[in-house]
Amino acid sequence: MTELRTAVEPQAARLAALRAPLADASELMGLAGKLWAAGQDGDTELFLTLDIQFHRLVLSSSGNEMFGKLNSLVAEVLTGRTHYGLMPEHPHDEALQLHVDVASAIQRGNPVDAHHSMLAIMERAMTEMSTLWDEAAHK
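This report concerns the structure included in the present document.

Cut-offs used in this document
Residues numbered from 1 in each chain as written. Predicted model: local features only at pLDDT ≥ 70, side-chain atom pairs only at ≥ 80, totals over all residues. Heavy atoms only, no water. Helix = DSSP H or I, 4+ residues; strand = E, 2+ residues; numbered from the N terminus. Rg over C-alpha atoms; globule rule 2.2 N^0.38 Å. Buried < 20%, exposed > 50% of the residue type's maximum accessible area, 1.4 Å probe, protein only. Areas by Shrake-Rupley, 256 points an atom, 1.4 Å probe, with all protein chains shown as cover. Lys, Arg positive; Asp, Glu negative; His and termini not counted. Charge placed at Lys NZ, Arg CZ, Asp CG, Glu CD. Expected span 1.5 Å × (residues − 1). Arc of directions from axis to C-beta. Contact = heavy atoms within 4.5 Å. Salt bridge = Lys/Arg side-chain N within 4 Å of Asp/Glu carboxyl O. Axes fitted to C-alpha atoms, helices over the stretch in contact; angles between N-to-C directions. Nonpolar A, V, L, I, M, F, W, Y, C, P; charged D, E, K, R; others polar.

So, the overall build of the protein chain
Step number 1: Looking only at helices and strands, the protein chain has 7 helices and 0 strands in total.
Step number 2: Written out in order from the N terminus, the α and β elements of the protein chain read α-α-α-α-α-α-α.
Step number 3: Scaling as 2.2 N^0.38, a compact globule of 139 residues should have a C-alpha radius of gyration of about 14 Å, and the protein chain matches this with 14 Å.
Step number 4: Considering only C-alpha atoms, the protein chain reaches an extent of 45 × 30 × 25 Å along its principal axes.
Step number 5: Here the protein chain, with 139 residues, has 45% of them falling under the buried criterion.
Step number 6: For the protein chain, the computed accessible surface area is about 7200 Å², with 55% contributed by carbon and sulfur atoms.
Step number 7: With 10 positive and 19 negative side-chain charges, the protein chain shows a separation of 6 Å between the mean positions of the two kinds.

See the structure below:
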């Protein structure tokens, strides 16, 4: 499922930079700021809620109805990642900054930067999960 997200979400971010209503782009910026604060505070449940809202809004702001239908899948992946210990207690500053970068690129209408930043989020998540899987396999 994470591989599917890696294929879809960067494209959704690219399209959102081209199509998102101004209100959605502004909401994404607000969510990115709240995500940063929740991550710094180590509030994993609030972070999860905000992260789900952020990624859902990117998908829906893409204007692609099929991407929008993936909302529940993304929510389940993020929830599972948190509840199965595949998410660090304090997200890395780079991961938090990448969410800000995605929101900023969408707000500026920059599809290349939006795609690049979302791809970096996906790649970082894959790396983090792979590291945790490797550690668990060696226990």
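Still more ground to cover, so stick around.
Some details on the environment of proline 21
Step number 1: Within the element layout of this structure, proline 21 appears in the loop between α1 (2–19) and α2 (22–41).
Step number 2: Residues proline 21 and glutamine 107, spaced 86 residues apart in sequence, show a C-alpha to C-alpha distance of 9.0 Å.

Overview of α2
Step number 1: For α2, with 20 residues, the first-to-last C-alpha span of 29 Å sits near the 28 Å given by 1.5 Å per residue.
Step number 2: Looking only at α2, the buried set comprises Asp24, Ala25, Leu28, Leu31, Ala32, Leu35, Ala38 and Gly39. Across the axial projection of α2, the buried residues extend over an arc of 135°, all falling on one side. For α2, exposure combined with an orientation more than 90 degrees from the buried face picks out Leu22, Ala23, Lys34 and Asp41.
Step number 3: Next to the buried residues of α2 lie α3 (44–61) and α6 (93–108).

Here we look at the pattern of salt bridges
Step number 1: Counted according to the given criterion, the structure contains 3 salt bridges.
Step number 2: Between glutamate 94 and arginine 124 there is a salt bridge, with the nearest N and O atoms lying 2.5 Å from each other. Here the residue glutamate 94 occupies a position in helix α6, and arginine 124 occupies one in helix α7 (residues 111–137), the gap between them amounting to 30 residues.
Step number 3: Judged by relative accessible area, glutamate 94 falls into the partly exposed class, the value being 45%.

A look at the packing of α1 against α6
Step number 1: The contact between α1 and α6 brings their axes to 6 Å, and the two run at 35°. Two secondary-structure elements touch here, α1 through Ala13, Ala16 and Ala17 and α6 through Val102, Ala105 and Ile106.
Step number 2: Among the residues forming the contact of α1 with α6, the class breakdown is 6 nonpolar, no polar and no charged.

The values are spatial; any link to function lies outside them.
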